[in-house]
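Here is what each chain is made of, one letter per residue.
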Amino acid sequence: MTQQDLPAAAAGRFNFPGTKLSVNRMGYGAMQLAAPQVFGPPADPEEARAVLREALVLGVDHIDTSDFYGPHVTNDLIREALFPYADNLVLVTKIGAWRDDKANWILDRSPDFLRKSVEDNLARLGLDQMAIVNLRMGGPDDDIVAPMRAMRQMQDEGLIAHIGVSTVDAAQLQTARDIAPVVCVQNHYNLVHRVDDAMIDALAADGIAYVPYFPLGGFTPLQSDVLKQVADDMGQSSQAVALAWLLQRSPNMLLIPGTSRRGHLRSNIAAAGLKLEAQELARLNAIAGMV
């Protein structure tokens, strides 16, 4: 079986703009490898490592992680399972927050903290440079100028190869792009939550990747009678249909569904080869107007 025949390759590839990076559009998100609430080690560390190895066997060459998942848990697992890394593996991390001892998510985008976060990710993963680092913002009222300047400084120094942004609106995105090239945007988006429709289309026109987090609803799984009906009619799971819809939504869409079990991983990756017909797409597209 060639690389092009692997399950994760069925949805095609994406070339990040202005880079030499190219990945299969179906990737993997490591967040769920940590314990519940993304805090603490997994109940079955060997299964977690097996999931990571299986992802690569299935053709995944793009893994999303963060040092605040656990904290440190997912990065440690990635290194334990996959180091030394395959030449084609793109590891993407996210900075701008940390976890306290009560599992709270504490946002911090001060320059010193961002630098420490990048250095921690590099040390945990065993890398000299991060391929892509996403700057995680807290909402549309956050000033992105200072943290983006810190990101640009680290890029100029070689700690970061390329920059992405997360949880941003269109105005923040434009401000960020005025300071440094942005190769991807990671925002909350799925079949039901579609606030970013216009942004996705604009990014596609510029060839910039859009990576939806919570593609299956996150901590609250997608609930839609229409989705279930379409899935039942197709003889597929609701999760597979929701992932296939995202892949067909736009050619710049990269998926990072997460799981801590190999069986579920295989089901998610198989969605890369699922094609929705026009009638099915129309029914699914109408869901956004019902919520």
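All values derive from a computational prediction rather than experimental measurement. Counting restarts for each chain, with residues numbered from 1 along the sequence as it is written. Given that the model is predicted, a residue must reach a pLDDT of at least 70 before its local features are reported, and side-chain atom pairs must reach 80 or more before they are shown or counted; all residues, however, enter totals for whole chains, interfaces and linings. Excluded from the side-chain calculations are hydrogens and water; all other atoms, namely the structure's heavy atoms, are used.

(A) Spotlight on the environment of Ala202. In this text, helices come from DSSP runs of H or I with a minimum length of four residues, and strands from runs of E with a minimum of two, each type numbered from the N-terminal end. Of note, Ala202 is situated in helix α6 (residues 197-206). Exposure is judged per residue with a 1.4 Å probe applied to protein chains only, and the accessible area is read against the type maximum: over 50% gives exposed, under 20% gives buried, and values in between give partly exposed. Residue Ala202 is classed as partly exposed on the basis of its relative accessible area of 44%.

(B) Main features of the pairing of strand β9 (residues 160-166). Among the seven residues that make up β9, seven are buried, leaving the element largely enclosed by the rest of the structure. The handedness of the strand β8 (residues 130-136) to β9 crossover, carried by helix α4 (residues 145-157), is right-handed. A pair of strands is considered paired only if DSSP assigns at least 2 bridges between the two. Here β9 pairs with strand β10 (residues 182-188) via four bridges, running parallel. Following the sheet pairing, Ile163 is matched in β10 by Val182. Of the crossover connections in this fold, the one passing from β9 over helix α5 (residues 170-179) to the parallel β10 is right-handed. Consider the strands pointing away from the viewer: the crossover is right-handed when the path from the first strand over the helix to the second runs clockwise.

(C) Focus on the layout of surface pockets. Put plainly, a pocket is an open set of points on a 1 Å grid over the protein atoms alone with protein on both sides within 12 Å along at least five of seven lines, a cavity is a set where a 1.4 Å probe fits but cannot get out, and a lining residue has an atom within 4 Å of a point. Grid points are joined across faces, edges and corners, and a volume is the space filled by probe spheres set on the points. When its volume is computed, the largest pocket comes out at roughly 930 Å³. In terms of lining, the largest pocket is formed by 44 residues, of which the most central are Met31, Gln32, Phe214, Gly218 and Phe219. Mapped by element, the contributors of at least two residues to the lining of the largest pocket are α1 (45-57), β7 (105-107) and α8 (238-249). When residues in the lining of the largest pocket are grouped by element, the largest group, three residues, is from α8.

(D) Focus on unusual backbone geometry. Between Gly70 and the following residue, Pro71, the backbone shows a cis peptide bond with an omega angle of -10°. Cis rather than trans, the peptide bond between Phe83 and Pro84 has omega equal to 0°. Turning to its location among the elements, Pro84 is positioned in the loop between α2 (73-82) and β5 (90-95). Phi angles above zero are rare outside glycine, and Ala103 is one such case at about 75°. Mapped onto the elements, Ala103 comes out in the loop between β6 (97-99) and β7. At Phe214, a residue that is not glycine, the phi angle is positive and equals roughly 55°.

(E) Layout of the environment of Gly258. Relative to the helices and strands, Gly258 is located in the loop between α8 and α9 (262-270). Residues Gly258 and Leu82, spaced 176 residues apart in sequence, show a C-alpha to C-alpha distance of 17 Å. Any two residues whose heavy atoms approach within 4.5 Å at even a single point are treated as in contact. Setting aside anything within four residues of it in sequence, one finds Gly258 in contact with Tyr28, Gly29, Gln32, His264 and Asn268.

(F) Spotlight on the packing of aromatic side chains. Working definition: rings of Phe, Tyr and Trp (its six-membered ring) pair if their centres are within 6.5 Å, and the pair is stacked with planes under 30 degrees apart, edge-to-face with planes over 60 apart, and tilted otherwise. According to the stated counting rule, one finds seven aromatic pairs in the structure shown. On the numbers, 6.1 Å between centres and 20° between planes, the contact of Tyr189 with Trp245 is stacked. Here Tyr189, found in the loop between β10 and α6, pairs with Trp245, found in helix α8; they are 56 residues apart in sequence, far enough to count as distant. In this structure, Tyr189 and Trp245 share a single accessibility class: buried. By way of ring pairs, the aromatic residues Phe68, Tyr69 and Trp105 are connected into one cluster. A ring has a charge above it when a Lys NZ or an Arg CZ is no more than 6 Å from the ring centre and no more than 35 degrees off the ring normal. The ring of Trp105 has Arg99 sitting right over it, with the charged end atom 3.7 Å from the ring centre.

(G) Spatial organisation of empty space enclosed by the protein. All told, the structure shown has one cavity of 30 Å³ or more when counted by the stated rule. What the largest cavity holds in volume is close to 40 Å³. Of all the secondary-structure elements, those providing two or more residues to the lining of the largest cavity are β4 (62-64), β8 and β10.

(H) Examining the side chain of Gln155 more closely. In this structure, Gln155 sits in helix α4. Other than its neighbours up to four places away in sequence, Gln155 contacts Ile160, Ala161, His162, Ile163, Ala180 and Pro181.

(I) Representation of the packing of α8 against helix α10 (residues 278-285) in the model. One can describe the packing of α8 onto α10 by two numbers: an axis separation of 11 Å at closest approach and a directional angle of 100°. Judged by the inter-axis angle, α8 sits roughly perpendicular to α10. In this structure, α8 uses Val241, Trp245 and Gln248 to contact α10, whose residues at the interface are Leu281, Leu284 and Asn285. Considered class by class, the residues forming the contact of α8 with α10 number four nonpolar, two polar and no charged. Every axis corresponds to a line fitted to the C-alpha atoms, with the helix fit spanning only the stretch in contact, and the corresponding angles, defined between N-to-C directions, vary from 0 to 180 degrees. When an angle is under 35 degrees it counts as roughly parallel; over 145 it counts as roughly antiparallel; between 65 and 115 it counts as roughly perpendicular; any other value is oblique. Amino acid classes used here: Ala, Val, Leu, Ile, Met, Phe, Trp, Tyr, Cys and Pro are nonpolar; Asp, Glu, Lys and Arg are charged; the rest, including Gly, are polar.

(J) Representation of the sheet that holds β8 within the structure. Pairing is parallel in the open sheet, where seven strands are placed in the order β3-β4-β5-β8-β9-β10-β11. Bordering the open sheet on either side are β3 (28-29) and β11 (209-213), each of which pairs with just one other strand. The pairing of β3 with β4 spans two bridges and is parallel. The residue of β4 that forms the bridge with Tyr28 is Ile63. Against the sheet, α6 makes contact with β10 and β11, and its axis sits at roughly 150° relative to β11, the strand it touches most.

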